[in-house]
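Here are the chains, one letter per residue:
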Amino acid sequence: MTADPQVLVHADKQALADAAAARFVVALQEAQSRTPEAQVALTGGSMGSAIIAAVARLPERDTVDWQRVRVWWGDERYLPAGDPDRNDTQNDEAGLLGLGLDPAKVHRVAGPDASGSAEESADAYARSIREHGQGGWDVVLFGVGPDGHVASLFPHHPAQRVTDAIAVAVHDSPKPPPDRVSLTFECFERSRQVWFLVSGADKAEAVAAAQAPGADRWDVPAAGPRGSEATLWLVDEPAASGLGDDRQPQ
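Residues numbered from 1 in each chain as written. Predicted model: local features only at pLDDT ≥ 70, side-chain atom pairs only at ≥ 80, totals over all residues. Heavy atoms only, no water.

**What to know about the pairing of strand 9 (residues 230–236)**
Among the seven residues that make up strand 9, seven are buried, leaving the element largely enclosed by the rest of the structure. Along strand 9, one buried face is formed by Ala-230, Leu-232, Leu-234 and Asp-236 and the opposite face, lined by Thr-231, Trp-233 and Val-235, is buried too. Bridge count for strand 1 (residues 5–10) against strand 9 is six bridges, and the pairing is parallel. Looking at the pairing, Val-7 lines up with Trp-233 of strand 9. The pairing of strand 8 (residues 191–198) with strand 9 spans six bridges and is classified as parallel. Bridged to Val-198 within strand 9 is Val-235. Assessed by its sense of winding, the connection that carries the chain from strand 8 through helix 6 (residues 204–211) to strand 9 is right-handed. (Buried < 20%, exposed > 50% of the residue type's maximum accessible area, 1.4 Å probe, protein only. Helix = DSSP H or I, 4+ residues; strand = E, 2+ residues; numbered from the N terminus. Pairing = 2+ DSSP bridges. Right-handed = clockwise from strand over helix to strand, strands pointing away.)

**A closer look at the packing of helix 1 (residues 13–34) against helix 2 (residues 45–57)**
The N-to-C vectors of helix 1 and helix 2 enclose an angle of 60°; their axes lie 8 Å apart at closest approach. Our classification of the angle between helix 1 and helix 2 gives oblique. Viewed along their axes, helix 1 and helix 2 form a crossing whose handedness is right-handed. Contacts between helix 1 and helix 2 involve Lys-13, Gln-14, Leu-16, Ala-17, Asp-18, Ala-20, Ala-21, Phe-24 and Val-25 from the former and Ser-46, Met-47, Ala-50, Ile-51, Ala-54, Val-55 and Arg-57 from the latter. (Axes fitted to C-alpha atoms, helices over the stretch in contact; angles between N-to-C directions. Parallel < 35°, antiparallel > 145°, perpendicular 65-115°, else oblique. Left-handed = near helix turned anticlockwise from the far one by under 90°. Contact = heavy atoms within 4.5 Å.)

**Focus on the nonpolar core**
In terms of nonpolar packing, the biggest core is built from 80 residues, with Phe-24 and Trp-233 touching the most fellow members. For this core, the leading source of residues is helix 1, giving nine residues. Those residues within four positions of Phe-24 in sequence are excluded, and the remaining contacts are Val-40, Leu-42, Ile-51, Val-55, Val-139, Leu-141 and Trp-195. (Core = buried A, V, L, I, M, F, W, Y, C linked by side-chain atoms within 4.5 Å.)

**Here we look at the packing of aromatic side chains**
On inspection of all chains with the given rule, the structure shows six aromatic pairs. Here the aromatic rings of Phe-24 and Trp-195 are separated by 6.2 Å at their centres, their planes lie at 75°, and the arrangement is edge-to-face. Within this pair, whereas Phe-24 is found in helix 1, its partner Trp-195 is found in strand 8, the two being separated by 171 residues in sequence. With a centroid separation of 4.8 Å and an interplanar angle of 80°, the aromatic rings of Phe-142 and Phe-188 are classed as edge-to-face. One end of the pair, Phe-142, is in strand 5 (residues 137–142); the other, Phe-188, is in helix 5 (residues 185–188), with 46 residues separating them in the sequence. (Phe/Tyr/Trp six-rings, centres within 6.5 Å; stacked < 30°, edge-to-face > 60°.)

**Focus on the environment of Pro-238**
Relative to the helices and strands, Pro-238 is located in the loop between strand 9 and strand 10 (248–249). Exposure remark for Pro-238: the relative accessible area of 32% places this residue in the partly exposed category. When the C-alpha positions of Pro-238 and Asp-202 are compared, they lie 8.1 Å apart, and in sequence the two are 36 residues distant. In contact with Pro-238, not counting residues within four places along its chain, are Ala-11, Gly-200, Ala-201 and Ala-204.

**Quick notes on the sheet that holds strand 6 (residues 167–170)**
Spatially, 4-7-6 is the arrangement adopted by the three strands of the open sheet, whose pairing is antiparallel. For this open sheet the edge positions go to strand 4 (75–77) and strand 6, each flanked by a neighbour on one side alone. The sheet shows a mean angle of 15° between the axes of neighbouring strands, direction not considered. With three bridges joining them, strand 4 and strand 7 (residues 180–183) adopt antiparallel strand pairing. What sits directly across from Glu-76, in strand 7, is Val-181.

**Points about the environment of Cys-187**
Here Cys-187 shows up in helix 5. Setting aside its immediate chain neighbours within four residues, Cys-187 contacts Trp-137 and Ile-166.

**A short note on the side chain of His-157**
When you line up the elements, His-157 lands in the loop between strand 5 and strand 6. His-157 gets classed as buried once you look at its relative accessible area, which sits at 11%. Look past the residues within four positions of His-157 in its chain and what remains in contact with it is Val-170, His-171, Asp-172, Ser-173, Pro-174 and Trp-218.

**Digging into the packing of helix 2 against helix 3 (residues 87–94)**
Put simply, helix 2 and helix 3 touch, their axes get as near as 8 Å, and they point 35° apart. Remark: the crossing between helix 2 and helix 3 carries right-handed chirality. Counting all contacts with helix 2, which are made through Gly-45, Gly-48, Ser-49, Ile-52 and Ala-53, the residues of helix 3 involved are Asn-87, Gln-90, Asn-91 and Ala-94.

Spelled out as structure tokens, the structure:
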């Protein structure tokens with residue numbers, strides 16, 4: 001059973017980040033009320049970092065026991081640790097490291113400085129998820145590309161079609177760098193809440209395409225992931241400009 005998508009529109013990027021951060025803190029509180037650890041999959045990009053920065057500014061962040069939050073990434077560029085184009089580096093610089101997380105519970109994808117190939121990194125990441133992420137994701141955060149991609153699952157790319165796997169090596173990415181590691185659609189199926197964080201008019205076409213009746217994830221990957229409890233499109237006005245009236249202003 002999956003939740004139908006709900007679109008929540010915010011005035012601008014900062015309003016979106018602030019509202020998503022407050023919602024994120026509440027989601028972590030609720031997760032910790034029912035399970036020893038909250039399991040979250042983060043995203044990179046400007047919005048992925050914006051929500052981390054907004055969480056870091058929130059006084060309410062102290063209501064979360066950050067030592068009981070286990071952090072993953074939905075995908076990662078296959079680049080050396082600390083590279084500014086890595087998702088985890090961007091999140092770290094936005095304030096992730098200052099939240100009080102247990103470093104042993106922050107699971108990073110190995111880059112070429114620590115593994116022999118993207119396949120090796122994908123296999124190692126999958127083993128970590130099997131060991132530490134058995135309960136599935138409490139919250140998964142996605143950015144959305146102008147082409148509708150999520151994580152590193154791109155339109156018409158064979159990595160989309162991988163089954164019986166938690167993580168996959170992605171080569172020949174249409175967006176640089178060409179080599180990446182991504183969690184699979186099958187892995188994302190174990191999500192309580194799925195949130196798409198989208199800002200900017202350049203994303204409006206992708207947002208509208210993902211909301212279109214009968215949208216196929218092969219063409220628009222963002223049409224694929226669904227949460228069992230909630231599927232939220234948290235967007236700003238420019239990103240929502242291609243939608244009709246079937247949306248909820250915030």
